[in-house]
Structures are given as C-alpha cells and as structure tokens.
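# Survey of secondary and tertiary structure
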Amino acid sequence: MKSLIPKSYLLNFTVLVFAILNLVSVSASAADQALKASIEQYYQEHLEGLFVWFHQNPELSFLENKTSARLAEELRSLGVEVTEGVGGTGIVGMIENGEGPLVMIRADMDGLPILEDSGLSYMSRVRQVNLDGDEMPVMHACGHDMHVTSLVGTTKMLMDNRDKWSGTVMLVGQPAEEIINGAKAMIEDGLYERFGVPDYALGLHVASGMPSGAISIRDGIMYSSVDSVDIQVRGVGGHGAYPHQTVDPIYVASQLVIALQGIVSRQINPFSPAVITVGSFQGGNKHNIISDEVSLQLTVRTDSEAVRDQVLGSIRDTALNIGRLNGLPDDLLPIVRIGFESTPTTVNNYEAVHEVLPAWTTQLGYSPLTDSERTGMGGEDFAFFTRTEHEVPGVFFSVGGTPADVMQRIRAGEISAPPHHSPFFFIDPNSVKAGVEAMYTAAIHFLNNP
Ligand SMILES: [Zn+2]
Ligand SMILES: [Zn+2]
C-alpha cells in the first residue's frame, strides 16, 4: 500500500471505529468463541514468534527467497500442498476439501529499502543486494510481515476446521507488491491456468493509525490505479550564453511539468479524482551548459479505468505538443514510456462485500463497512487477481495495526501515526489475530455459500 494517512483523518476514523465498537456489541454471543480461543492459542504458541521472525528477515521485491521458503515450510507443516517459484518467488498452497467453490487468499511478502528506526526490540538489521546490484537496508515498513503471518494463521484455522466447510482454498504468497509487479508476474506465470480461476479472491492490508484489530472495508473502490511514466525530453544542447542556438530541454521539461497539471485541473471531470506527480526531474550538469536531455519520472493515480486512459493519453499528447511548440523536430520529440509499472484500480465487488458482511458482523460484533473518506490515492496490485479476463469478485479489507496506547496519544494530538513506508513504522503483532479471524470468517462464508 502506498499512502500516508493525515492526522485529521485518523482522528475521525478512530472516533468512528470506537463508536462502532462501543455501540454495536450486538450478537457477540452468536460469535464463534471457540474460533477466537483457538486463534488466541495458536497466536501465543506460534504466530507471535513467527511475526517477529518475518519482521527480522525482510526481503526486497522479487528477492523474497527466505520469506517464501519459510512460508512454504509453514504451510506444508500444516498439511498443505505447496508449489514454489510461481511468478518468481511466489508460492501457491492448495487445500482441497471436497466439492465447492475455489477461494483464493493472497498475502504479499516483500519489504522495503528503508533503514529501520522503529526502536522495536526485534528491529530489522538486514541488508540485501537489490536487483540493480546495490546493497540496501531492508525493513518491513508496510506490514507485509503481518500479512504472511495472518495467512499462516488462517491456514491453520481452515485445516483444523475442515468439517465446517467444503471446497478448495488457494493460498497465495505474492512477491513484489511494492513495485506493483508481483501479482502480474504470478498471473503471467499461469496462476489461474495451473491452479484454477477462483470464484472469489480475498486479501487484506494492515493499517497504521487504525486501532489494532479493527476491521474496515468499502463496498467499492479500495485503491487507485497506479502508472509510473517516464518521459525523456530531448533538446539541442549548447553554450548557456547562446540559448538561441539551442533547444533547452530544461525549459521544455519545465513547461511540460506545468502543462501536466493542466490535464488534471482542466481536462478531467472535477468529480473524478486524478493525480499526476512528477517525482523526479533530472537534467544538466553545469551552470553554463545547455544540456540535451532531461528525464522526468511521474506517478499517475486515478479511480476509474476510463479516467486512467484519458489521463495517460493526455500525458502523451501534451508531451509531444510541448515539444512541437518549442520547435523540436519529429525525431527529437519527447519519448513517453508507459506500462512498465502499473496496476488497475482495486475495486471490491459490491455484492460479495454485502454477502459476507452479516457473517463478519456476527463474528466481530460490529459491521466493518465504512463510507469514510479516502485520504489519498494509494495503490495495490491485488487488482491483477480480480481484473483478469475472468473478472474474479474481489474482497479486500483493512486491519488496524496501531496499539491502543499509541492510538490514545494520537487522539490526544501528541503524536501522529507512524506512516507506512517510513523508518518509524510499526505494527502491533496482535493485529494478526483480527486478520486471521476476519479472513477465516470470510473464506468459510464464501466456501459454504457459493
Ligand atoms: Zn507499501
Ligand atoms: Zn503494503
């Protein structure tokens, strides 16, 4: 997940969640207390330590070798048949339990190139050589350690309760979510051809700044589309004192940066959110030399595929036209690269969310459905599992990961939540229990109600 959570939102959200938790203690008696007890017991015996192990052994995208090996070993020890090396370091575990639907549960596995400064006793000290050959510090700064631990817990509950459901479960350990290429790699490696097209795809993400253990979901869009765009602005270099003999690519690229913002503000329906951020602008190396090239790196976010097509098309047109405006010949017009790092919008299936809600409300004691404002345009490559040619109904939810005492200080305005992707990020390991409870409840609901 790529988003920061403003404090104002956190306060509102926290108040909302606590209001729900306090007011709706209904049907707590109907909840499966034995399930809660077995999750608690397995957490104490195994999951807490496992979470710490994953946290202390973070690995970069597509380099999750130890993580996937450990996950495979954990699933095998629970009796699951596991296939490794699906889409690089991805793994797939299959639980076959008679007639019924196929339900997929996905956990992403990768960490981030960040030097951990959380102060935790089990802080990561890991360094790893990345795919470009550079050694990097590595940290689980997005909570994917919680996701894989929860997957193991959910698997244990599914295996221990095989008499309570029937069908097939596909457990997916996905690589490289942080570079939004891992889900795609698994799909392209034949995930659905080899293991079947799921009837439902389930996923979760832990959230810093949400009370530990609280579950929330939306019945529509969860995450925006993401497209990285590279623009190579070419010019005609020369002496800085003779600009008339050149086409200055820094000037051209500067015009382009301004013009790109006009796409969002002047071309897109104001009720359709879109973001174009130019995150990198590189060009030139001396005061008095007009360079011949500038490289721009953009991230583009939208909430619908139509707007996404429109924005990406406009970026290409704008780049070419700004080049022409500055007198560049056709063979020196800007080169726009799109599609090397991208994911569609992650949209929950409305019917599926509303089908599982009563089961969650019974088990959790409150309805996790929220219509709270989204606070930014974070992305998730879970979308690749649902938006294949098969259109698999997806249910993706959030699990709160910030302990009660920290939430109290956040609410008092003393501190803000440790953001995802920051050196200070941390997750309450106990949130694993809620992840397991909500995921198991959803999975057996869909298995038993095809
Ligand atoms: Zn992330
Ligand atoms: Zn994440």
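Residues numbered from 1 in each chain as written. Chains lettered and ligands numbered in written order. Predicted model: local features only at pLDDT ≥ 70, side-chain atom pairs only at ≥ 80, totals over all residues. Heavy atoms only, no water.

### Quick notes on the packing of helix 2 (residues 33-56) against helix 4 (residues 144-160)
Where helix 2 contacts helix 4, the two axes come as close as 9 Å, and the packing angle between them is 145 degrees. Here helix 2 runs over helix 4; the crossing is right-handed. In contact with Leu-35, Ser-38, Ile-39, Tyr-42, Leu-47, Leu-50, Phe-51, Phe-54 and His-55 of helix 2, helix 4 contributes Asp-145, Met-146, Val-148, Thr-149, Val-152, Gly-153, Lys-156 and Met-157. Taken together, the residues of the contact of helix 2 with helix 4 break down into 11 nonpolar, 4 polar and 2 charged. (Axes fitted to C-alpha atoms, helices over the stretch in contact; angles between N-to-C directions. Helix = DSSP H or I, 4+ residues; strand = E, 2+ residues; numbered from the N terminus. Left-handed = near helix turned anticlockwise from the far one by under 90°. Contact = heavy atoms within 4.5 Å. Nonpolar A, V, L, I, M, F, W, Y, C, P; charged D, E, K, R; others polar.)

### Describing helix 8 (residues 305-325)
Taking 1.5 Å per residue as the helical rise, helix 8 with its 21 residues ought to reach 30 Å, and the 30 Å between its terminal C-alpha atoms agrees with that figure. Residues of helix 8 that are buried make contact with strand 10 (225-234), helix 7 (249-267), strand 12 (274-283), strand 14 (293-302) and strand 15 (335-343). Taken from the residues just after helix 8, Gly-327 is the one with a positive phi, measuring 80 degrees. (Expected span 1.5 Å × (residues − 1).)

### Let's talk about helix 7
Between the first and last C-alpha of helix 7 there are 25 Å, a value that for 19 residues agrees with the 27 Å anticipated at 1.5 Å per step. Pro-249, Val-252, Ala-253, Leu-256, Leu-260 and Ile-263 are the residues of helix 7 that are buried. Looking at the buried positions of helix 7, the neighbouring elements they touch are strand 10, strand 12, strand 13 (289-290), strand 14 and helix 8. The N-cap of helix 7, judged by a side-chain oxygen 2.9 Å from the amide nitrogen of Ile-250 a few residues on, is Asp-248. (Buried < 20%, exposed > 50% of the residue type's maximum accessible area, 1.4 Å probe, protein only. Polar contact = N/O pair within 3.5 Å; in protein donor to acceptor, adjacent residues only side chain to side chain.)

### Observations regarding the side chain of Asn-181
Checked against the element boundaries, Asn-181 lands in the loop between strand 6 (167-174) and helix 5 (182-188). Those residues in contact with Asn-181 that lie beyond four places of it in its chain are Phe-62, Ala-176, Phe-340, Glu-341 and Asp-381.

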